[in-house]
Amino acid sequence: MLRSAAAALLRTSTEISAFRPVSTVRIVRQSLRYAPKNRPFSTSVCLCKKKKQSLWLHLAEGQTMDGNIEVILAPLRLAVKEQGELVRQMKQDGAPDVDVAKAVAELKARKRTLEAKELSLQPKDDIVDRTKMEDTLKRRFFYDQAFAIYGGVSGLYDFGPVGCALKNNILQAWRHHFIQEEQILEIDCTMLTPENVLKTSGHVDKFADYMVKDVKNGECFRADHLLKAHLQKLMSDKKCTAEKKAEMEEVTTQMDNYTQQELTDLFVKYNVKSPVTGNDLTPPVSFNLMFQTSIGPGGNTPGYLRPETAQGIFLNFKRLLEFNQGKLPFAAAQIGNSFRNEISPRSGLIRVREFTMAEIEHFVDPNEKVHPKFSNVADLDIMLYSAKAQTSGQSAHIMRLGDAVEQGVINNSVLGYFIGRIYLYLARVGVAKDKLRFRQHMDNEMAHYACDCWDAETKTSYGWIEIVGCADRSCFDLLCHARATKVPLVAEKPLKEPISNCSSAYKKVSVPSNKEHLNHPDALLLLLSLTSPHKVVNVVQFEPNKGAIGKAYKKDAKIAMEYLSVCDECFITEQERLLNETGEFTIESEGKTFKLTKDMVGVKRFQKTLYVEEVVPNVIEPSFGIGRIMYSIFEHTFHVREGDEQRTYFSFPATVAPYKCSVLPLSQNPEFMPFVRELSEAMTKNGVSHKVDDSAGSIGRRYARTDEIGVAFGITIDFDTVNKTPHTATLRDRDSMRQIRAEVSELPVIVRDLANATLTWAEVESKYPIFEGQETSKKGTAEE
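These notes cover the structure that comes with them.

Each value, and the rule that gives it
- Residues numbered from 1 in each chain as written.
- Predicted model: local features only at pLDDT ≥ 70, side-chain atom pairs only at ≥ 80, totals over all residues.
- Heavy atoms only, no water.
- Helix = DSSP H or I, 4+ residues; strand = E, 2+ residues; numbered from the N terminus.
- Buried < 20%, exposed > 50% of the residue type's maximum accessible area, 1.4 Å probe, protein only.
- Contact = heavy atoms within 4.5 Å.
- Areas by Shrake-Rupley, 256 points an atom, 1.4 Å probe, with all protein chains shown as cover.
- Pairing = 2+ DSSP bridges.
- Axes fitted to C-alpha atoms, helices over the stretch in contact; angles between N-to-C directions.
- Left-handed = near helix turned anticlockwise from the far one by under 90°.
- Nonpolar A, V, L, I, M, F, W, Y, C, P; charged D, E, K, R; others polar.
- Core = buried A, V, L, I, M, F, W, Y, C linked by side-chain atoms within 4.5 Å.
- Salt bridge = Lys/Arg side-chain N within 4 Å of Asp/Glu carboxyl O.
- Polar contact = N/O pair within 3.5 Å; in protein donor to acceptor, adjacent residues only side chain to side chain.
- Phe/Tyr/Trp six-rings, centres within 6.5 Å; stacked < 30°, edge-to-face > 60°.
- Lys NZ or Arg CZ within 6 Å of the ring centre and 35° of its normal.
- Patch = residues over 30% accessible without salt bridge, like charges linked within 9 Å, V, L, I, M, F, W, Y side chains within 5 Å.
- Parallel < 35°, antiparallel > 145°, perpendicular 65-115°, else oblique.

## Structural notes on the overall build of the protein chain
Moving on, step 1. A tally of regular secondary structure across the protein chain gives 29 helices and 30 strands.
Moving on, step 2. Within the protein chain, the fraction of its 784 residues that count as buried is 48%.
Moving on, step 3. Contacts spanning at least 24 positions in sequence make up 70% of the contacts within the protein chain whose residues lie at least 6 apart.
Moving on, step 4. Accessible surface computed for the protein chain: about 39300 Å², of which carbon and sulfur atoms make up 51%.

## So, the sheet that holds strand β9 (residues 301-305)
Moving on, step 1. Here 3 strands make up an open sheet; going across it, the order is β4-β9-β8 and the pairing antiparallel. Two strands in the sheet have a free side with no partner beyond their single neighbour: β4 (192-194) and β8 (292-295). Along the sheet, successive strands turn relative to each other by an average axial angle of 45°, direction set aside.
Moving on, step 2. Two strands pair when backbone bridges link them, and β4 and β9 are joined in this way by 3 bridges, in the antiparallel orientation. When the sheet's bridge partners are listed, T193 is paired in β9 with Y304.

## Points about the packing of helix α10 (residues 223-235) against helix α12 (residues 260-269)
Any two packed helices are characterised by how steeply their axes cross, that is the angle between the axes, and by the distance between the axes.
Moving on, step 1. The interhelical angle for the contact between α10 and α12, taken along N-to-C directions, is 35°, at an axis separation of 11 Å. As α10 packs across α12, the resulting crossing turns out to be left-handed. Residues A223, L226 and L227 of α10 form the contact with α12, whose participating residues are L263, L266 and F267.
Moving on, step 2. A per-class count over the contact of α10 with α12 returns 6 nonpolar, no polar and no charged.

## Focus: the nonpolar core
Moving on, step 1. W174, L426, F438, F624, F634 and L731 are the most contacted members of the largest nonpolar core, which totals 99 residues.
Moving on, step 2. Of all the elements, helix α17 (residues 413-429) adds the most residues to this core, at 10 residues.
Moving on, step 3. Residues within four places of F438 in sequence aside, it is in contact with I382, M383, L384, Y385, I419, I422, Y423, W454, D455 and A456.
Moving on, step 4. The next biggest cluster of nonpolar side chains, apart from the first, holds 20 residues, and it includes A560, Y563, C567 and I587.

## With respect to the pattern of salt bridges
Moving on, step 1. According to the stated counting rule, one finds 40 salt bridges in the structure shown.
Moving on, step 2. Across the salt bridge formed by K493 and D365, the nearest N and O atoms sit 2.6 Å from each other. With a gap of 128 residues between them, K493 in strand β17 (residues 491-494) and D365 in the loop between β11 (354-364) and β12 (381-385) connect regions that are remote in the sequence.
Moving on, step 3. Taking relative accessible area as the criterion, D365 reaches 4% and is therefore assigned buried.

## Observations concerning the sheet that holds strand β7 (residues 285-288)
Moving on, step 1. On the basis of which strands lie adjacent, the open sheet formed by 3 strands has the order β6-β5-β7 and antiparallel pairing. Of all the strands in the sheet, just β6 (220-222) and β7 have a single pairing partner and so form its edges. With direction set aside, neighbouring strand axes in the sheet form an average angle of 50°.
Moving on, step 2. With 3 bridges connecting them, strand β5 (residues 208-213) and β6 associate as antiparallel partners. Note that in β6 the partner of V212 across the bridge is F221.
Moving on, step 3. Sitting on the sheet, α10 touches β5 and β6, and the angle it makes with β6 is about 80°.

## Details of the pairing of β9
Moving on, step 1. As paired strands, β8 and β9 are joined by 4 bridges and run antiparallel to one another. Residue pairing across strands places I295 opposite T301, the latter belonging to β9.
Moving on, step 2. In this structure, the hairpin formed by β8 and β9 is closed by a connection of 5 residues, where G296 is found at a positive phi of approximately 95°.

## A few points about the side chain of R741
Moving on, step 1. Here R741 shows up in strand β30 (residues 739-743).
Moving on, step 2. Engagement of the side chain of R741 in a polar contact is seen with the side chain of D718, the distance being 2.6 Å.
Moving on, step 3. There is a polar contact of 2.7 Å between the side chain of R741 and the side chain of T728.
Moving on, step 4. Leave out the neighbours within four places in its chain, and R741 touches D718, D720, T721, T728, A729, T730, Y768, P769 and F771.

## Quick word on the packing of aromatic side chains
Moving on, step 1. Here the structure, examined in full by the defined rule, presents 27 aromatic pairs.
Moving on, step 2. When the centroid spacing of 5.9 Å and the interplanar angle of 90° are considered together, the rings of Y425 and F624 count as edge-to-face. Of the two residues, Y425 sits in helix α17 while F624 sits in strand β23 (residues 618-625), which places them 199 residues apart along the sequence.
Moving on, step 3. Through pairs of rings, three or more aromatic residues link up here, namely F142, Y143, Y157, F159, F634, F638, F650 and F652.
Moving on, step 4. Of note, R483 hangs over the ring of F571, and the distance from its end group to the ring centre comes to 4.5 Å.

## Focus: a nonpolar patch on the surface
Moving on, step 1. A grouping of F147, I149, Y150 and V153 is seen on the molecular surface, where their side chains present a nonpolar patch of about 540 Å² in accessible area.
Moving on, step 2. Position of Y150 relative to the elements: it lies in the loop between β1 (143-145) and β2 (157-159).
Moving on, step 3. Under the relative-accessibility criterion, Y150 is labelled exposed at 76%.

## Here we look at unusual backbone geometry
Moving on, step 1. Following L328, the chain continues into P329 via a peptide bond in cis, with omega recorded as -5°.
Moving on, step 2. Relative to the assigned elements, P329 resides in the loop between α14 (317-323) and β10 (330-339).
Moving on, step 3. Cis peptide bonds are those with omega within 30 degrees of zero, and the linkage from T725 to P726 qualifies with -5°.
Moving on, step 4. Here Q183, not a glycine, exhibits a phi torsion of approximately 55°, which is positive.
Moving on, step 5. With respect to the element layout, Q183 can be found in the loop between α7 (161-180) and β3 (185-186).

## As for the packing of helix α21 (residues 546-553) against helix α22 (residues 557-565)
Moving on, step 1. For the pair α21 and α22, the least separation of the axes is 8 Å and the interaxial angle reads 135°. What the angle tells us is that α21 and α22 run oblique. Taken together, the residues of α22 that come into contact with α21 (itself represented by K546, I549, G550 and Y553) are A557, A560, M561 and L564.
Moving on, step 2. Considered class by class, the residues forming the contact of α21 with α22 number 6 nonpolar, 1 polar and 1 charged.

## So, the environment of E746
Moving on, step 1. Take E746: it is sitting in the loop between β30 and α28 (747-755).
Moving on, step 2. Counting along the chain gives 67 residues from E746 to L679, while the straight-line C-alpha distance between them is 9.8 Å.

## Structural notes on the environment of L263
Moving on, step 1. Here L263 shows up in helix α12.
Moving on, step 2. When the C-alpha atoms of L263 and P284 are compared, they prove to be 6.9 Å apart, with 21 residues separating the residues in sequence.
Moving on, step 3. Among residues more than four places away in sequence, those in contact with L263 are Y210, A223, L227, Y258 and P284.

## Focus on the side chain of Q440
Moving on, step 1. Residue position: Q440 is located in strand β14 (residues 436-440).
Moving on, step 2. For Q440, a relative accessible area of 11% puts it in the buried group.
Moving on, step 3. Side-chain polar atoms of Q440 contact the side chain of D452, separated by 2.9 Å.
Moving on, step 4. Beyond its immediate sequence surroundings of up to four residues, Q440 is in contact with Y385, S386, A387, Q390, V409, E445, D452, C453 and W454.

## Re the environment of N412
Moving on, step 1. Note on placement: N412 falls in the loop between α16 (401-406) and α17.
Moving on, step 2. Note on N412: relative accessible area 6%, which makes it buried.
Moving on, step 3. Considering only alpha carbons, one finds N412 and C451, 39 residues apart in sequence, at a separation of 9.5 Å.
Moving on, step 4. When residues no more than four places from it in sequence are discounted, the contact partners of N412 are K369, V405, D472 and I620.

In short, geometric facts, not functional conclusions.
Given below as structure tokens:
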């Protein structure tokens, strides 16, 4: 056993050599002249020159590999912890951004290796047979590649009858769980989006990857993925020297940080060719992932298919606020398709070019981020993978949600509430709780404006994949669109507290002593200040020199002036810093660029008395990828019948099962048909989706067919149904294959309640007799 442990650990040491911490430390030492506090990680942490002897020392007596996965993971965890401490130290010391970025890339690489090793050590029976599952999905037409008879198009899929029903049920459960229970406002916005909207949101400039093309056939590849695969192939060559391998490992580690020119140089250096044809490749070019089009016949209005549904909600904020009677907080939601022109779509439904999203934007006062219903989810025990745990090399661990908010692991209770609600929803639609975690974004992953961000991730045969994002986006989006459109996207909130120092206010107002004081404007101001709640705030505004701007920009000066009039304090402060440091700053509005100097604009600060407070809401955004959720459900609910490897089934929860029930006559005997019609009509009246299968074949074979597409229950009409009164039929549970017998008139209501989760199968079994076999016929009905 210990020898097998030694072999496993030696394999681990080979895999973790990709970390190359020595090279990273060398870079840091050259620029910062300091070394990490702990010993640089290498295989020598576990293995000295006498590798076997060192390894025996690390395994205590009586330890076995099955009980000591942590022995293998320990050096990997140490590597992540050391690099995390190094990154924190570099940030504290104000290290150059380029060095911090390289250290962060190294940290990410170590995290990925640790996670890959953790997954590889999981029990084999925990891994789904993906080939068998995908064969079932394709054969039963859950979904298939679009335009298949023309050869298909990568990243585009068509859903068949079963997949379409499952998807609709998942969305219906989402609507009930969020829109109805939370009283969220649902809207449906156009998918075509003008360019200026996405320019403001940042998608036009930043929503891109680097791409290379085969110079002969034009086939495209994502540059970083292709380079990484090419380097891995070179490193696997036995002739590759240790020095060359170390160099390529370092390149792989820094892959996310290379500029376009650096990628070009690397493609030339390593002579990267097309992996399909061996042809030369073009230099890497930036490729925007949005589908571009033009709106209208003239082509004068450029636009895109939306890359997300959120922007439509932000643009309708003012109307939604009015609909909600001007009150905060409130939430809006949208379900619809989004589009991303992926360079190399792969992994089935996980990375596609057209996909369904369901997004919520919860608008809340930034000073009141407390959810009144948080107590409803506070006691949930959820697997959390905090940023601190990630940078310390620790695993995700189960934590009470209320404790996570109280301890500051989760930023606020509004974000915590939605994490709890997301968890409950995913469990309800079929995601396995033990394969679900919430991973917090590390500081370097989050946008500069975000307060906190967590991803719901599921464990699949592809590893951990993100299926839901839940972010506190602060007020970034509303401010961007307000600045671009000059439309204030704010909510008004009446002040609750009156002025605290009335005497000081009285002294500031000079009022005549005669009777005319009642009509004096200062007296009215004093009276208002003493009786109305208000507050004095500090205001920061641009102070434009109209003459100088008009002289420089003529008729376009008005555009610049309007832009300056709606800028927020954060933006003004940042531009003021540039003005003081460089003497100028640049703004863009309506497709025009304006360079403003000190003689054109200044900044003024003053105090203003407010009786109604304007609030730019913060936004909590849960964003659901429906295709990824579906794929996770497929993997988590796919099973093979014990003792019969050819018999597979999906254990979808009845709530989302494509069909809630099947109606199966024992044979094609005409006597069964009236009962089939009666049950089908009653099912329809009760809103129960069902499937009648009166085809030839044994009842066991038909059970297997319905199990294969995840039908939750099955009603069988047999000779006892015909020959006995009251007329009864059997009801079968898909997962346990157990059956009860009940009156035909009762069965539709029972199935309806089971599907709505107001009744459990255990309760059904306790109320109705277990079916053992027919009594009025010798024809066998036992399942095959």
